[in-house]
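Residue strings, one per chain:
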Amino acid sequence: MQHRIVTALRACDRGTLGRTISIAENGGEQASQLLQLIKPFICESCVTGLTGPPGSGKSTLLDGLIAEFRRRGLSVAVIAIDPSSPFSGGAVLGDRCRMSRHQSDDKVYIRSLSARGSVGGLSLGIARVIDVLKVSNFDMILLETVGTGQAEVDVMDLVDICVVVCAPNTGDEVQAIKSGILEIADILVVNKTDLSDTNGTLPQLKMAQHLRRNPTRQVPVVPTIATEDKGIEKLADEILKRSQSAGNTGQYEDHAKIRRRLARGIARALEERLFNQDNEMLDQLCTSIQRHKLNVDEAIRIWLDKDASRQQ
Amino acid sequence: MVAAALRDAGMEVIYTPPWQDIAAVVRLAQDEDVDVIGISSLATDHLLVPKLMNAVRQAGLQHVSIIVGGIVPEQDEKELLAAGVSHVFHPGSSMQDIVLKVSELARAARTQAPNIL
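The shown structure was predicted, so the numbers you read here are calculated from the model rather than taken from an experiment. (Residues numbered from 1 in each chain as written. Chains lettered and ligands numbered in written order. Predicted model: local features only at pLDDT ≥ 70, side-chain atom pairs only at ≥ 80, totals over all residues. Heavy atoms only, no water.)

Looking only at helices and strands, chain B has five helices and four strands in total. When the helices and strands of chain B are read in sequence order from the N terminus, they spell out α-β-α-β-α-β-α-β-α. For chain B, the proportion of its 117 residues judged to be buried stands at 44%. Partitioning the intrachain contacts of chain B with sequence separation of at least 6 by distance along the chain shows that 59% fall at a separation of at least 24. In the form shown here, chain B has an accessible surface area of approximately 6,300 Å², with 57% of it arising from carbon and sulfur atoms. (Helix = DSSP H or I, 4+ residues; strand = E, 2+ residues; numbered from the N terminus. Buried < 20%, exposed > 50% of the residue type's maximum accessible area, 1.4 Å probe, protein only. Contact = heavy atoms within 4.5 Å. Areas by Shrake-Rupley, 256 points an atom, 1.4 Å probe, with all protein chains shown as cover.)

Structural data, given as structure tokens:
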């Protein structure tokens, strides 16, 4: 028997989608229960992530992409992640404003989520939300995130196609090389190309690609002017091309990404345990560090050696 | 102002442009699984709120409260409250009062939301 949540999700019932996504986001016992229920019904939808510095025009670009995909008859789900206040954990979520023209379209679902101040928890929550959306079988799942900070970079490990958006003449080219954001890009977008000197930015970005770890992987560079809907069609083409080739090999998610997610999840669980657990040896190491008998590097090595010998 | 105060109290606030139609607000409330809808009223906008209230209830969002802020004459306020609006904030309301009321309503909404599992 199919649970009524599954039936409602597959019929794209808005109320159920909204509620289940909250449950998935919040985690805990309810989320595990939910994920257990829906596991057999998760479809192979392709997830595209848009990331880039604040002000590069991601939301406007996303709005154009939704329109373009709808023109092609595809249904679209959007997760827009806004940063939360590091002090209160609260957030003002405003990305939706730029997508309001799609508000009454039944084939478009937009959900705003807050980073909730958590560095590690965010990507776990988003992974659960993506699973829920995959039950509703949207043709395209788009995820927008502020491309700064480790939490947001981690989120990009959840997507099948990573689109990095930058604006010309903001120094982003150099920043991009430094931050390693190019390494995760499958498609590069230079937005606001009406703002002059794109001629400088495009070759710089193309050149920067040769510094990549894997220079054989071709990364298209797409110039756009999101506010005038220019270049959006080409961007949609590139995304669909990639999603089809990924679909053909039957493998959307690549092994290395999953491995990274798993390692991060385990590391986080370990961190929690090591921090809270009563442990004599850890206490002794702390005291030694406090008294300058050991530095942290040495203490880590002692702990790991001990741990390895325990496992043998 | 209000959005920032609510954020500083640890809430997640979804901000929309003005002049949303009723269907759009209901859709947004469903999509985002909100607890409280706040309507900022200019001139006589608040007279639309009873219609919104109906639409929200019809969409099955029994647990969602609606509050209104703005210049609302006494007679209108009575009508709004009779229609099921939880609270009307007049100019000069203190931020602290607003934050308290909203978090109280949000908590109530969380406990009243139907358990779908």
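Quick look at the pattern of salt bridges now. Counted under the stated rule, the structure contains 19 salt bridges over all chains. Put simply, Asp106 of chain A and Arg27 of chain B hold a salt bridge, and the shortest N to O gap is 2.5 Å. With Asp106 of chain A in the loop between strand S3 (91-93) and strand S4 (108-114) and Arg27 of chain B in helix H2 (residues 22-31), the pair connects residues from two separate chains. The exposure class of Asp106 of chain A is exposed, given its relative accessible area of 53%. Notably, a salt bridge pairs Arg110 of chain B with Asp33 of chain B, separated by 3.5 Å at the nearest N-O pair. Of this pair, Arg110 of chain B sits in helix H5 (residues 95-112) while Asp33 of chain B is found in the loop between H2 and strand S2 (36-41), placing the two residues 77 residues apart along the sequence. (Salt bridge = Lys/Arg side-chain N within 4 Å of Asp/Glu carboxyl O.)

On to empty space enclosed by the protein. Considering all chains together, one arrives at one cavity of 30 Å³ or more under this definition. Put simply, the largest cavity is a space of about 30 Å³. What lines the largest cavity is Arg14, Arg96, His102, Gln103, Val108 and Ile110 of chain A together with Arg27 and Asp31 of chain B. Residues of the lining of the largest cavity, tallied by class, amount to two nonpolar, two polar and four charged. (1 Å grid on protein atoms, 1.4 Å probe; cavity = no way out; pocket = protein on both sides within 12 Å on 5 of 7 lines; lining within 4 Å. Points joined across faces, edges and corners; volume = space filled by probe spheres on them. Nonpolar A, V, L, I, M, F, W, Y, C, P; charged D, E, K, R; others polar.)

Turning our eyes to something else, we now look at helix H3 (residues 28-38) of chain A. Residue and element names in this part refer to chain A. Residues of H3 that are buried: Ala31, Leu34, Leu35 and Ile38. For H3, the angular spread of the buried residues around the axis is 95°, confining them to a single face. In H3, the exposed residues that point more than 90 degrees away from the buried face are Glu29 and Gln36. (Arc of directions from axis to C-beta.)

Right, let's get into the interface of chain B and chain A. Taken together, the contact between chain B and chain A spans 26 residues of the former and 37 residues of the latter. Contact between chain B and chain A buries roughly 2,500 Å² in total, counting both sides, with carbon and sulfur atoms accounting for 51%. Counting across the interface, chain B meets chain A through four salt bridges. Between Arg19 of chain A and Asp33 of chain B there is a salt bridge, with its nearest N and O atoms 3.2 Å apart. Of all the secondary structure elements, the ones that give two or more residues to the side of chain B that touches chain A are helix H1 (2-8), strand S1 (12-14) and H2 of chain B. No other element matches H2 of chain B, which puts five residues into the side of chain B that touches chain A. Here the side of chain B that touches chain A is built from residues that sort into 13 nonpolar, five polar and eight charged. For S3 of chain A and S1 of chain B, the ladder comprises three bridges, and the chain directions are parallel. Opposite Ala91 of chain A, over in S1 of chain B, you have Glu12 of chain B as the bridge partner. (Buried area = accessible area lost by both parts, 1.4 Å probe. Pairing = 2+ DSSP bridges.)

In this section: H2 of chain B. Owing to its 3.6 residues per turn, the α-helix aligns residues three or four sequence positions apart on the same side. For H2 of chain B, the tally of buried residues reaches eight of ten residues, placing the bulk of the element in the interior. What H2 of chain B keeps buried is the set Ala24, Val25, Val26, Arg27, Leu28, Ala29, Gln30 and Asp31 of chain B. Taken together, the buried residues of H2 of chain B touch helix H2 (14-26) and S4 of chain A together with S1, S2 and helix H3 (49-58) of chain B. Remark: Asp33 of chain B follows H2 of chain B within two positions and exhibits a positive phi of approximately 50°.

With that settled, consider the nonpolar core. A general tendency of soluble globular proteins is for nonpolar side chains to be buried together. All names here are of chain A. In this structure, Leu133 and Leu143 are the most contacted members of the largest nonpolar core, which totals 42 residues. Apart from residues no more than four positions distant in its own chain, Leu143 is found in contact with Thr48, Gly49, Leu50, Ile79, Ile81, Ile126, Ile130, Val155, Met156 and Val159. Of all hydrophobic cores here, the second largest spans 28 residues; its members include Leu61, Val76, Leu142 and Val165. (Core = buried A, V, L, I, M, F, W, Y, C linked by side-chain atoms within 4.5 Å.)

Residue and element names in this part refer to chain B. Spatially, three strands are ordered S2-S3-S4 in an open sheet, and the strand pairing comes out parallel. Edge positions in the sheet fall to S2 and strand S4 (87-89), since each has one partner strand and no second. Put simply, the sheet's adjacent strands are angled 20° from each other on average, direction ignored. Bridge analysis of strand S3 (residues 65-70) against S4 gives three bridges, and the strand direction is parallel. Looking at S4, one finds that Ile67 is bridged to His87. Sheet contacts for H3: S2 and S3; angle to S3, the most-contacted strand, approximately 160°. Its contacts with the sheet place H5 against S2, S3 and S4, and it is angled at close to 160° to S4. (Axes fitted to C-alpha atoms, helices over the stretch in contact; angles between N-to-C directions.)

Take the packing of helix H12 (residues 280-290) of chain A against helix H13 (residues 296-311) of chain A next. Residue and element names in this part refer to chain A. Remark: H12 packs on H13, axes separated minimally by 10 Å, with the N-to-C direction vectors making an angle of 160°. Classified by the angle between their axes, H12 and H13 sit roughly antiparallel to one another. Judged by the twist between their axes, the crossing of H12 over H13 is right-handed. Facing H12, whose interface residues are Met281, Leu282, Leu285 and Ile289, H13 presents Val296, Ala299, Ile302, Trp303 and Lys306. (Parallel < 35°, antiparallel > 145°, perpendicular 65-115°, else oblique. Left-handed = near helix turned anticlockwise from the far one by under 90°.)

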